[in-house]
Amino acid sequence: MPAPHDLGYRSLFAHPELVRELITDFTSFKLLDEVALSAFERVNPAYVSEHLSARQDDIVWRVRLGDEFLYVYILLECQSGVDRWMALRMQTYIGLLYQDLVKRHELSPGLLLPPVLPLVFYNGLPRWSASMELAGLLMQAPAELAAFQPSQRYVLIDQQRLDKAALEANAGLLALLFRLELSAGPDVSQNVFAALTTWFNGAPQASLRRSVQVWINALLARGAGKDELFMVENVEEGADMGGKLATWAREFEELGFQKGCAQGKAEGKAEGKAEGKAEGEIAALRDVLESLLRIKFGDVPELAEKRIDQATQAELHRWIEHSVNAPSLPAIFGDDAAPTQGQPG
């Protein structure tokens with residue numbers, strides 16, 4: 001189940017103006033700077049769950065540029081560790097997107113696939129160390145085969161390492177919210193809440209106001225260590241925003257977002273570093289292996305899923321390597337224990 005803050009960001013990026021801000025203000029791409037919001041259209045990424053485990057935090061938008069569409073695929077990695085296999089996952093998801101477009105006959109008049117901007121938004125504490133292109137995950141191929149190897153890159157927005165001066169100079173809503181999340185001093189927080197008060201007084205559309213409230217509530221929940229989810233339905237419609245903002249400011253102060261932020265993050269990182277890193281990498285390896293098996297062999301039998309769930313990190317690495325050229329599931333898991341396509345679940 002997605003964490004509260006993941007849901008908060010999903011709520012924000014359900015609005016085209018914030019997707020445009022994310023790209024124009026926090027990447028080097030300028031092709032969307034002057035594109036009208038009416039050109040943005042949210043795409044349901046349900047096709048991913050037909051072959052892979054559903055990822056509720058995937059966000060896909062398409063943007064009309066002239067007579068054609070550009071697809072923006074956003075993967076949210078909120079409060080998570082570094083995913084070594086991100087480039088492979090991105091290639092898989094984009095491949096599924098293309099297959100879905102072909103199946104739905106949503107191609108250009110020339111039957112060509114549209115360009116995609118693969119974007120990873122990451123706000124975890126460890127510095128992102130994963131390769132940003134698939135080539136970094138591949139063995140070196142013989143010269144004769146080099147031209148035939150797959151290639152995939154993605155754009156990374158590492159929120160924790162954004163330029164603080166550039167954030168302060170940016171008056172956009174997304175920059176204000178980033179500053180609030182990254183704030184480590186009372187003055188910063190007070191300035192942000194003053195700017196948010198001005199923004200709310202500007203009477204933005206109701207759905208965006210509600211999404212910002214959901215995001216702030218989710219951020220407070222994470223800071224307080226609460227597991228409950230703050231859903232849109234829990235946000236008070238028509239509430240006194242001046243009083244609400246003042247309450248939020250006091251709650252941030254009480255939680256120590258200003259005074260104890262650095263210390264709390266350091267302690268949490270030290271306590272959970274070893275366990276969290278290992279569990280996160282094993283979970284990522286399981287996802288990669290199951291994705292490869294489903295793409296190559298179709299549905300994975302229950303016995304194989306159980307073996308994957310109980311596997312060690314070393315076993316998962318070995319099975320991923322074997323799955324590249326294996327002609328069948330038994331060739332990966334072994335004849336004595338591996339289930340086959342014909343076995344009942």
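Reading the values: the criteria
- Residues numbered from 1 in each chain as written.
- Predicted model: local features only at pLDDT ≥ 70, side-chain atom pairs only at ≥ 80, totals over all residues.
- Heavy atoms only, no water.
- Patch = residues over 30% accessible without salt bridge, like charges linked within 9 Å, V, L, I, M, F, W, Y side chains within 5 Å.
- Areas by Shrake-Rupley, 256 points an atom, 1.4 Å probe, with all protein chains shown as cover.
- Salt bridge = Lys/Arg side-chain N within 4 Å of Asp/Glu carboxyl O.
- Helix = DSSP H or I, 4+ residues; strand = E, 2+ residues; numbered from the N terminus.
- Axes fitted to C-alpha atoms, helices over the stretch in contact; angles between N-to-C directions.
- Parallel < 35°, antiparallel > 145°, perpendicular 65-115°, else oblique.
- Contact = heavy atoms within 4.5 Å.
- Nonpolar A, V, L, I, M, F, W, Y, C, P; charged D, E, K, R; others polar.
- pLDDT = per-residue confidence, 0-100.
- Expected span 1.5 Å × (residues − 1).
- Buried < 20%, exposed > 50% of the residue type's maximum accessible area, 1.4 Å probe, protein only.
- Core = buried A, V, L, I, M, F, W, Y, C linked by side-chain atoms within 4.5 Å.
- Phe/Tyr/Trp six-rings, centres within 6.5 Å; stacked < 30°, edge-to-face > 60°.
- Lys NZ or Arg CZ within 6 Å of the ring centre and 35° of its normal.
- Pairing = 2+ DSSP bridges.

A look at a nonpolar patch on the surface
Item 1. A surface patch of nonpolar side chains, amounting to about 220 Å² of accessible area, comprises Phe 29, Leu 31 and Leu 65.
Item 2. Here Leu 65 shows up in strand β2 (residues 58-65).

Topic: the packing of helix α2 (residues 16-26) against helix α5 (residues 173-182)
Item 1. The contact between α2 and α5 brings their axes to 9 Å, and the two run at 80 degrees. Relative to α5, the element α2 is oriented roughly perpendicular. Taken together, the residues of α5 that come into contact with α2 (itself represented by Leu 18, Glu 21, Leu 22 and Phe 26) are Leu 173, Leu 174, Ala 175 and Phe 178.
Item 2. Of the residues contributing to the contact of α2 with α5, the split by class is seven nonpolar, no polar and one charged.

Notes on the confidence of the model for the protein
Item 1. When pLDDT is averaged along the protein, the result is 78; 74% of the residues meet or exceed 70.
Item 2. Contacts for the low-pLDDT stretch residues 227-235, under 50 throughout, to residues beyond four places or in other chains number 22 contacts.
Item 3. Under a pLDDT of 50 for its full length, residues 336-345 has, in the predicted model, 19 contacts with residues more than four places off or in other chains.

As for helix α3 (residues 86-103)
Item 1. End to end, α3 covers 26 Å across 18 residues, agreeing with the expected 26 Å (1.5 Å per residue, within 8%).
Item 2. Taken as a whole, α3 has its buried residues at Met 86, Ala 87, Leu 88, Arg 89, Met 90, Thr 92, Tyr 93, Ile 94, Leu 96, Leu 97, Asp 100 and Leu 101.
Item 3. Directly beyond the C-terminal end of α3, a positive phi value near 60 degrees is found at His 105.

Structural notes on the nonpolar core
Item 1. Ranked by internal contacts, the top residues of the largest apolar core, which has 48 residues, are Phe 13, Leu 22 and Leu 196.
Item 2. It is α5 that contributes the most residues to this core, eight residues altogether.
Item 3. Among all residues touching Phe 13, those that are not within four sequence positions of it are Leu 18, Val 19, Leu 22, Arg 42, Ile 59, Trp 61, Leu 76, Phe 121 and Leu 174.

A look at the packing of aromatic side chains
Item 1. Scanning all chains against the criterion turns up 11 aromatic pairs.
Item 2. An angle of 80 degrees between the planes, with centres 5.8 Å apart, marks the rings of Tyr 9 and Trp 215 as edge-to-face. One end of the pair, Tyr 9, is in helix α1 (residues 4-12); the other, Trp 215, is in helix α7 (residues 206-223), and 206 residues separate them in sequence. Grouping residues by exposure puts Tyr 9 and Trp 215 together as buried.
Item 3. Between Trp 199 and Phe 200, the aromatic rings sit 4.9 Å apart at their centres with planes inclined by 80 degrees, giving edge-to-face as the arrangement.
Item 4. Connected via pairs of aromatic rings, a cluster forms that spans Tyr 9, Phe 13, Phe 26, Phe 121, Phe 178 and Trp 215.
Item 5. A cation sits over an aromatic face here: Arg 62 above Phe 69, 3.8 Å from the ring centre.
Item 6. Over the ring of Trp 85 we find Arg 84, and its NZ or CZ is 4.9 Å from the ring centre.

Quick look at the pairing of strand β4 (residues 116-122)
Along any regular strand the residues' side chains alternate between the sheet's two faces.
Item 1. Here β4 lies mainly inside the structure; seven of its seven residues are buried.
Item 2. Of the two faces of β4, both are covered, the one formed by Val 116, Pro 118, Val 120 and Tyr 122 as well as the one formed by Leu 117, Leu 119 and Phe 121.
Item 3. The sheet contact formed by β4 and strand β5 (residues 155-158) spans four bridges and is parallel. When the sheet's bridge partners are listed, Val 120 is paired in β5 with Leu 156.

Digging into unusual backbone geometry
Negative phi characterises most residues that are not glycine, and trans characterises most peptide bonds.
Item 1. We note that His 105 has phi near 60 degrees; this positive angle belongs to a residue other than glycine.
Item 2. Among the structural elements, His 105 can be located in the loop between α3 and β4.
Item 3. With relative accessibility at 72%, the residue His 105 sits in the exposed group.
Item 4. At Leu 111, a residue that is not glycine, the phi angle is positive and equals roughly 60 degrees.
Item 5. With respect to the helices and strands, the residue Leu 111 is situated in the loop between α3 and β4.
Item 6. A relative accessible area of 66% means that Leu 111 is categorised as exposed.

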